[in-house]
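A closer look at the structure
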Amino acid sequence: MTTQLGLPDDIQACLFDLDGVVTRTAVVHAAAWKETFDAFLRERDGADFRPFTDSDYGEYVDGRPRADGVRSFLTSRGVELPEGDPDDPPDARTVNGVGNRKNELLLKKIRTDGVEPYEGTLRYIDAVRAAGLATAIVSSSANTQDVLRSIDAERLFDVRIDGVVARQRKLPGKPRPDTFLAAARDLGVDPSRAAVFEDALAGMDAGRSGHFGYVVGVDRVGQTDALYAHGADRVVVDLAELGGRA
């Protein structure tokens with residue numbers, strides 16, 4: 001049985017990823033990663049370097065904590081860097097330095113172009129809350145709170161588990177389910193009674209391995225089959241497809 005929200009009727013909480021689900025920032029993240037990695041590879045390999053691709057973004061970076069994304073992608077190219085420290089400067093040749101360079105570029109793009117929400121998602125979250133379900137934002141981004149404030153959406157979430165909180169609590173990021181499990185725990189809801197909403201393949205893996213009650217894949221880039229293969233119970237292009245009226 002499903003409710004008018006398109007969810008099983010025993011779901012008590014909804015756990016939403018940020019980038020690509022609530023806001024149109026996934027494309028900005030991808031552009032910042034490409035600029036960062038292409039510059040790194042060009043400096044390392046010269047003009048014949050192999051550029052960072054959309055496929056690389058989906059497989060190695062999307063949805064993962066920043067340092068994990070750096071490490072995962074560079075390993076795929078046979079590159080190992082020292083970890084460094086979280087406050088490494090953006091020109092440091094360390095995992096954290098490369099990640100901080102990406103974040104510097106991301107923030108510059110956000111300041112220049114602003115942040116847009118997906119209106120269908122905001123309406124759906126309003127309907128979820130009106131129906132009495134709890135809500136959480138679960139993101140690997142350390143900029144989650146600022147992004148939510150910029151679109152006046154902090155009020156829509158009872159709990160926030162983001163890159164800052166994950167670091168404080170030493171929670172491994174997606175594809176591990178720990179951040180989603182922490183959100184369910186903070187809401188006082190068993191994972192089997194919580195629904196996960198994600199656009200990243202790593203997020204699908206987290207939803208599946210965490211044994212959540214329902215996993216919704218949001219397909220913004222034409223990867224419906226991959227989202228199902230990684231554990232989605234249902235895939236939509238926009239959350240408005242699930243129903244619900246705020």
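Residues numbered from 1 in each chain as written. Predicted model: local features only at pLDDT ≥ 70, side-chain atom pairs only at ≥ 80, totals over all residues. Heavy atoms only, no water.

**Digging into the overall build of the chain**
Scanning the chain for helices and strands turns up 10 helices and six strands. For a compact globule of 246 residues, the expected C-alpha radius of gyration is about 18 Å, and the chain comes in at 18 Å, within 12% of that figure. Counting only C-alpha atoms and orienting by the principal axes, one finds that the chain spans roughly 55 × 35 × 30 Å. Within the chain, the proportion of its 246 residues that are buried is 54%. Looking at the chain as shown, the accessible area adds up to about 11300 Å², and 46% of this sits on carbon and sulfur atoms. Here the chain holds 31 positive side-chain charges and 41 negative ones, and the gap between their average locations is 2 Å. (Helix = DSSP H or I, 4+ residues; strand = E, 2+ residues; numbered from the N terminus. Rg over C-alpha atoms; globule rule 2.2 N^0.38 Å. Buried < 20%, exposed > 50% of the residue type's maximum accessible area, 1.4 Å probe, protein only. Areas by Shrake-Rupley, 256 points an atom, 1.4 Å probe, with all protein chains shown as cover. Lys, Arg positive; Asp, Glu negative; His and termini not counted. Charge placed at Lys NZ, Arg CZ, Asp CG, Glu CD.)

**Structural notes on the environment of Phe-180**
Along the chain, Phe-180 turns up in helix α8 (residues 178-187). Take Phe-180: its relative accessible area is 0%, and that puts it in the buried class. In this structure, the C-alpha to C-alpha distance between Phe-180 and Ala-131, residues 49 residues apart in sequence, is 21 Å. Those residues in contact with Phe-180 that sit more than four places away from it in its chain are Leu-15, Val-138, Lys-174, Val-196, Glu-198, Gly-203, Ala-206 and Phe-212. (Contact = heavy atoms within 4.5 Å.)

**Considerations on the nonpolar core**
Grouped together as the largest cluster of nonpolar side chains are 35 residues, with contacts concentrated most on Leu-7, Phe-16, Val-22, Tyr-124, Phe-157, Phe-197 and Leu-239. If you list the elements that add at least two residues to this core, you get β1 (13-16), α1 (26-45), α4 (95-113), α5 (119-130), α6 (144-150), β4 (194-198) and β5 (214-218). Not counting the four nearest positions on each side in its chain, Tyr-124 is found in contact with Leu-5, Leu-7, Phe-16, Phe-197, Leu-239, Leu-242 and Gly-243. With 20 residues, the next largest nonpolar core counts Val-159, Leu-187, Ala-206 and Phe-212 among its residues. (Core = buried A, V, L, I, M, F, W, Y, C linked by side-chain atoms within 4.5 Å.)

**Section: the environment of Glu-119**
Looking at the secondary structure, you find Glu-119 in helix α5. A residue is classified by how much of its surface remains accessible, and Glu-119, at 44% relative accessible area, is partly exposed. Along the chain, Glu-119 and Thr-75 lie 44 residues apart, while their C-alpha atoms are 37 Å from each other.

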